[in-house]
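# Understanding the architecture of this molecule
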Amino acid sequence: MISDTPIACSETEADALAVDETEWRRRGAQGSREGSITVAAIAENGNWLGTMAAYIAHPSVGPLFVGVYVTPDFRGTELGLTDSLLSAIEAWASNNGGRLTLHVHEANGQAQKAYSKRGFEFTGHSAEYSLDASSREVEMTKELIPTAV
Ligand SMILES: CC(C)(COP(=O)(O)OP(=O)(O)OC[C@H]1O[C@@H](n2cnc3c(N)ncnc32)[C@H](O)[C@@H]1OP(=O)(O)O)[C@@H](O)C(=O)NCCC(=O)NCCS
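Residues numbered from 1 in each chain as written. Predicted model: local features only at pLDDT ≥ 70, side-chain atom pairs only at ≥ 80, totals over all residues. Heavy atoms only, no water.

### As for the pattern of salt bridges
Here is the rule: The working definition used for a salt bridge is a side-chain nitrogen of Lys or Arg within 4 Å of a carboxyl oxygen of Asp or Glu. What counts as a helix is a DSSP run of H or I of at least four residues, what counts as a strand is a run of E of at least two, and both are numbered from the N terminus. A simple rule labels every residue: compare its accessible area, found with a 1.4 Å probe on the protein chains alone, to the largest value its type can have, and call it buried under 20%, exposed over 50%, or partly exposed in between.
Throughout the structure, instances matching the rule amount to eight salt bridges. Here aspartate 4 makes a salt bridge to arginine 75, at a shortest N to O gap of 3.0 Å. Placement of aspartate 4 in the segment before helix H1 (13-17) and of arginine 75 in the loop between strand E3 (62-70) and helix H3 (81-94) is noted, with a sequence separation of 71 residues between them. Residue classification places arginine 75 among the partly exposed residues on the basis of a relative accessible area of 27%. The salt bridge involving glutamate 90 is made with lysine 142; its shortest N-O contact spans 2.9 Å. In this pair, glutamate 90 sits in helix H3 while lysine 142 sits in strand E6 (residues 132-143), placing the two residues 52 residues apart along the sequence. With a relative accessible area of 15%, glutamate 90 lands in the buried category.

As C-alpha cells, then:
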C-alpha cells in the first residue's frame, strides 16, 4: 500500500519496514477491539486483495474511515470489491454514529473521486499532512441511515 500510494499513508515505507512483529500484531489487534471494524478481501491463495477499517476516535466525531486499500487489479466498479468492502464499513458505521468521516490527501484524486461518486462530500475542513507540512489532507463525510439489526 505504501509503495503504491505513499500519500495515502501516515508512515513512510522505511519506517513501516522497520516495524517489528510485536508492533504489527498490536496494530492488527486494534482492528478488532470494541468501537472498531476491519474488513479484508482475501483470495483463496491467501493474498490480501483489499482492506478497509473504521473506528470511533472520539464520540463527538463518530466513525473515522481509515486503512483504505484495494490492490490495483481489483479496483473499479465492475468487480465490485471496493463497493463490497465499503458496504461493510458503512453498515457498521450507520449503527455507530451515523456519519462516516475520512481524511484524504489533497493530491489523491483517485481516492477523492472514488469517495465522491459513492456519496461522500467535502466538509471544507483540512489539516496538515503529517508526512509533509507543505500539503494537506481534506475531510470528507457521508451521512448514513441506520440499518435494522
Ligand atoms: C481508494 C481506492 C480504494 C478506491 O477504489 P477504486 O476501486 O480505485 O475506486 P473506483 O475505481 O470506483 O473510483 C476511482 C475513480 O477515480 C478515477 N481516477 C483514477 N485515477 C485518478 C486520478 N489521478 N485523478 C482523478 N480520478 C482518478 C477512476 O477513473 C475512477 O473514476 P470512474 O469510475 O469515473 O472511472 C483505491 O483506488 C486504492 O486502494 N487506492 C490506493 C490507496 C488509497 O489511495 N487509499 C485512500 C486513502 S484516503
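So that's the structure; there's more coming.
### Concerning the site of the ligand
The condition is simple: Near residues are defined by distance, with any heavy atom within 4 Å of the molecule or strand qualifying the residue. N or O atoms within 3.5 Å of each other form a polar contact, as long as, within protein, one can give a hydrogen and the other can take it, and as long as residues adjacent in sequence are counted only when both atoms are side-chain atoms. Areas reported here follow the Shrake-Rupley algorithm with a probe of radius 1.4 Å; residue values treat only the protein chains shown as occluding. Side-chain classes are defined by residue name, with Ala, Val, Leu, Ile, Met, Phe, Trp, Tyr, Cys and Pro counting as nonpolar, Asp, Glu, Lys and Arg as charged, and the others, Gly among them, as polar.
Around the ligand, the surrounding shell holds 21 residues, and the nearest of these are Val70, Gly76, Thr82, Lys113 and Lys117. Lysine 117 places a polar side-chain atom, nitrogen or oxygen, 2.4 Å from an oxygen atom of the ligand. Computed on the free molecule, the ligand has an accessible area of 950 Å², of which 71% lies beneath the protein chains in the complex. The set of elements that each furnish at least two residues to the shell around the ligand consists of E3, strand E4 (99-105) and helix H4 (109-116). If one sorts the elements of the shell around the ligand by residue count, H4 sits on top with six residues. Looking at side-chain class alone, the shell around the ligand contains eight nonpolar, eight polar and five charged residues.

### Notes on the side chain of serine 94
Note the cut-off: Should any heavy atoms of two residues lie within 4.5 Å, those residues are considered in contact.
As for its placement among the helices and strands, serine 94 is situated in helix H3. In this structure the side chain of serine 94 is engaged in a polar contact, spanning 2.8 Å, whose partner is the backbone oxygen of alanine 91. The contacts of serine 94, once residues within four sequence positions are left out, are Leu144, Ile145, Pro146 and Thr147.

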